[in-house]
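What the coordinates show
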Number of protein chains: 2
Amino acid sequence: MMRRLPNLTALRAFEAAARHESLTRAAEELNVAHPALSRQIRELEGWLGCALFNRHNRGLSLTDAGRAYRDAASQAFDLIDAATALLRPDAPAVGEQRLTLSVEPSFAQRWLVPRLGAFRALHPGVTVIVDATREAANFRRGGADLGIRYGSGPWPGLEARKLADVENFPVCAPGLTPLPGDPAGLLEMDLLLEETDLPWRAWFAAAGITLNRPLHGTRFFDASHAMDVAVAGQGVALGDTILSRDDLAASRLIRPFPQVAIYQSYNLVAPPAHFRRPAVKAFTEWALAAMAAFLAG
Amino acid sequence: MMRRLPNLTALRAFEAAARHESLTRAAEELNVAHPALSRQIRELEGWLGCALFNRHNRGLSLTDAGRAYRDAASQAFDLIDAATALLRPDAPAVGEQRLTLSVEPSFAQRWLVPRLGAFRALHPGVTVIVDATREAANFRRGGADLGIRYGSGPWPGLEARKLADVENFPVCAPGLTPLPGDPAGLLEMDLLLEETDLPWRAWFAAAGITLNRPLHGTRFFDASHAMDVAVAGQGVALGDTILSRDDLAASRLIRPFPQVAIYQSYNLVAPPAHFRRPAVKAFTEWALAAMAAFLAG
DNA sequence: AGTCGCTGTAACGGAAAGTTACATCAGAGA
DNA sequence: TCTCTGATGTAACTTTCCGTTACAGCGACT
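In this report, the structure presented in the accompanying data block is examined. (Residues numbered from 1 in each chain as written. Chains lettered and ligands numbered in written order. Predicted model: local features only at pLDDT ≥ 70, side-chain atom pairs only at ≥ 80, totals over all residues. Heavy atoms only, no water.)

Regarding the protein's contact with DNA strand C
- DNA strand C sits among 24 residues. The nearest are Thr24(A), Arg55(A), Asn7(B), Ala33(B) and Asn57(B).
- The sugar-phosphate portion of DNA strand C accounts for 71% of its atoms within 4 Å of the protein, the bases making up the rest.
- The side chain of Arg42(A) places a nitrogen or oxygen atom 3.2 Å from a phosphate oxygen of DNA strand C. (Near = heavy atom within 4 Å. Polar contact = N/O pair within 3.5 Å; in protein donor to acceptor, adjacent residues only side chain to side chain.)

Here you go:
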C-alpha cells in the first residue's frame, strides 16, 4: 500500500485555517504564531500544485479545491480524534505539565499562593512551581514560563498583560504614635524600606517633597515583611491596593494620606511564545479572572 | 473545535508498522531507517498511555487497542490519500527530483550513458546528472546521490550493492602484430595503462609473473580510451567483461589469454540513507535489472 | 487620512526527527 | 548445542524543518 500523503503538519495547519477561514484564529487554536501556518500552507499548496486559499488582504477564502480538501482533512482528523479519545478518554484539557512562575515574594505570599488552590482544582494536570527568589526571571528553556512583575514596563523582548492597576501609598498601624501629620512628617519617622528606597522616593516626589538626603529606615528584602512590621506598629511601610487590602479592610493598617499615591500595575510577563503554551494560557486566563473577582469583591 | 491529536508523524509511522506488523517493512515503505519508527511509536504509546504493540523478539503484533487505533488511522489516511490524488492526479511515482551519479568515465561511456534513455523514459520526473570526473564522490548534501565503483570494497561508511561481477583481462586487436605468445610476452609489448599500473600488476600477479620493475606503456586517464587505442591496434589494454563486451563480440578485440583473469565487481555505493531516497531506489532497481538483462543477453 | 487588523516575508534559533552503529534476543538449521 | 539469521531496541550524533521574532504591506473601517 503505497500512499502519497502530504506533510501532515501542514495538512493540520491547513485544516484549522480552512475551518476558521483565518490564519490568526487557526494559529490561536493550534497555539502557534501565524507565520508558521502561513508557510506550512504555502508549502502544501506548492506540493499539491494548486491553490487552496484565495488571499484577501483581510482574511482568506477557500478555493473549490481547498473546500474539497478541507472536507476530507476534517473528516480524517475527526476520525483520529475520536479514536484517540477512546484510548485516552480522561486526558484533561491541559495535560501533565509543569508551570513555573517567577513572582515577587510579597505578591506571591499575599495574593497568589492563597489562591493557587483554586487554580490547581481547575487544572489538576498542571504542577505549579512558584519561584519567589528575587533574581530576575530567566525565561529560557528550563527557566520560568511566566513572570508576574510590578511596575510599568516596558520589558524588552517580553510581552506584558496587565493583571491589575494599583496605587502605591504609605500604610501604618492605626495605633502608631505619633501618627504622621503630613507627608513631610514621615521624614522624621521610621520608614520601612524595601531593598531599595526608590519606591518611597517616588512617592515623596508625588507628594511634592524633594529629598536631598538618603532615606533612613529599616530595609526588608520582602515588601510583605515590611508590611507585617507596619501592622505590628513598628513604622510606616509602603503598601499598595492589593498587598495591603486585607489589612486595610481589617483596620490592621490605615492609610494616613489617602490623597497621595503613585500608580503602577502588576503584569503577567513572558516571551510572546510562552503565552501560547496551554498551561500558561490557562493560568493567564485564570489569573485575570481571579484578579477581577478580587478587585470587585 | 478543540481537537486532541497525536503527533501525526508518529501516527503515520504507527499505521504503516501496524499494517505490516513489522517495523522493518514499514521503514522500507516510508523510506526511513527502522529506529526512527521504533522511537516514534514508543513515544506515541507513551502519549496515549497504552501499548499498541506486543513486542516479540522477532516481529510485532497488535494489541486490541492497537488494532482499533490502526483501523481509524488507516481510514483517515485513506481519506487524505484519496483527496490528495484528486488534486494532483498525475503525480509520477517518483516526483520532480535530481539524481546525481558519480561514475567512472569508462563505465559511464560504455555502459551507463547508452542505457540512460531507458531509465529516463521509465521515470520522467527524475533528472539524471552523470558526474564522471575522477574525483572521489562526495556524498554530502549537494554532492552525489549514488556512486558506481569498480573494485571489491569495502567502502567505509558506504553501503554497496553489487551490480555485476566481472573478469579483468588483457584485450587487443586481432590483427595486432606480433600477437603476444604468453603472458610474459606482454612485458615486451606496448601496454595501455590507466592512471595507475595497479590493475595490470594485479593481473600479472594472477598470471604468476612477478614484476621487479615498473610497467612501461602509455597512460590514459580513462580506461575507455585505452580500449579505443587497443581497438586501433596500438597495443594491449586491460578490459573487462562489461567494458569490452561489444568489442569482443564484434571481433574488434580479442582476449589472448582467456584462462587468466582477475575478478572484481561493479557496485552501487552510497551512504545507507541514500538508498532510501525514491530516486535512488528507482535507479538502483532499474540498474540491477538492466545489468541482469545485459549480462544475460 | 490615519489606524487597525490581518496576511506575507525573511532570518534566525532550537526542538524533533532521522542517521549510524551497536546491542540483544529468539528461532532456524547444521 | 552452537552458530547464523532476521528482527527490534538503545544511544549518541547530525541535520532538517518547524516555529519564533520582527517587520512590511495592504485594505477596510473609522
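Re the side chain of Thr63(B)
Residues and elements named next belong to chain B.
- The residue Thr-63 is located in the loop between β2 (60–62) and α4 (64–87) in this model.
- A polar atom in the side chain of Thr-63 sits 3.0 Å from the backbone nitrogen of Gly-66.
- Excluding residues within four positions of it along the chain, Thr-63 makes contact with Ala-51, Leu-52, Phe-53 and Asn-54. (Helix = DSSP H or I, 4+ residues; strand = E, 2+ residues; numbered from the N terminus. Contact = heavy atoms within 4.5 Å.)

Thoughts on helix α3 (residues 34–48) of chain B
- Its 15 residues give α3(B) an end-to-end C-alpha distance of 21 Å, which sits within 8% of 21 Å, the value for a rise of 1.5 Å per residue.
- Among all positions of α3(B), only Leu37(B), Ile41(B), Leu44(B), Glu45(B) and Leu48(B) are buried. Along α3(B), the residues classed as buried sweep out an arc of 100° about the axis, all on the same side. Away from the buried face of α3(B) by more than 90 degrees, exposed residues Arg39(B) and Gly46(B) are located.
- The inward-facing, buried residues of α3(B) abut α4 (64–87) of chain A together with α1 (8–20), α2 (23–30), β1 (53–55) and α4 of chain B.
- After α3(B) finishes, the residue Gly49(B) shows a positive phi value of roughly 80°. (Expected span 1.5 Å × (residues − 1). Buried < 20%, exposed > 50% of the residue type's maximum accessible area, 1.4 Å probe, protein only. Arc of directions from axis to C-beta.)

Notes on unusual backbone geometry
Residue and element names in this part refer to chain B.
- The backbone of Glu-21 shows a phi angle near 45°, a positive value even though the residue is not glycine.
- You can see Glu-21 is positioned in the loop between α1 and α2.
- Of the residues examined, Glu-21 reaches a relative accessible area of 31% and is grouped as partly exposed.
- Here Ser-251, not a glycine, exhibits a phi torsion of approximately 60°, which is positive.

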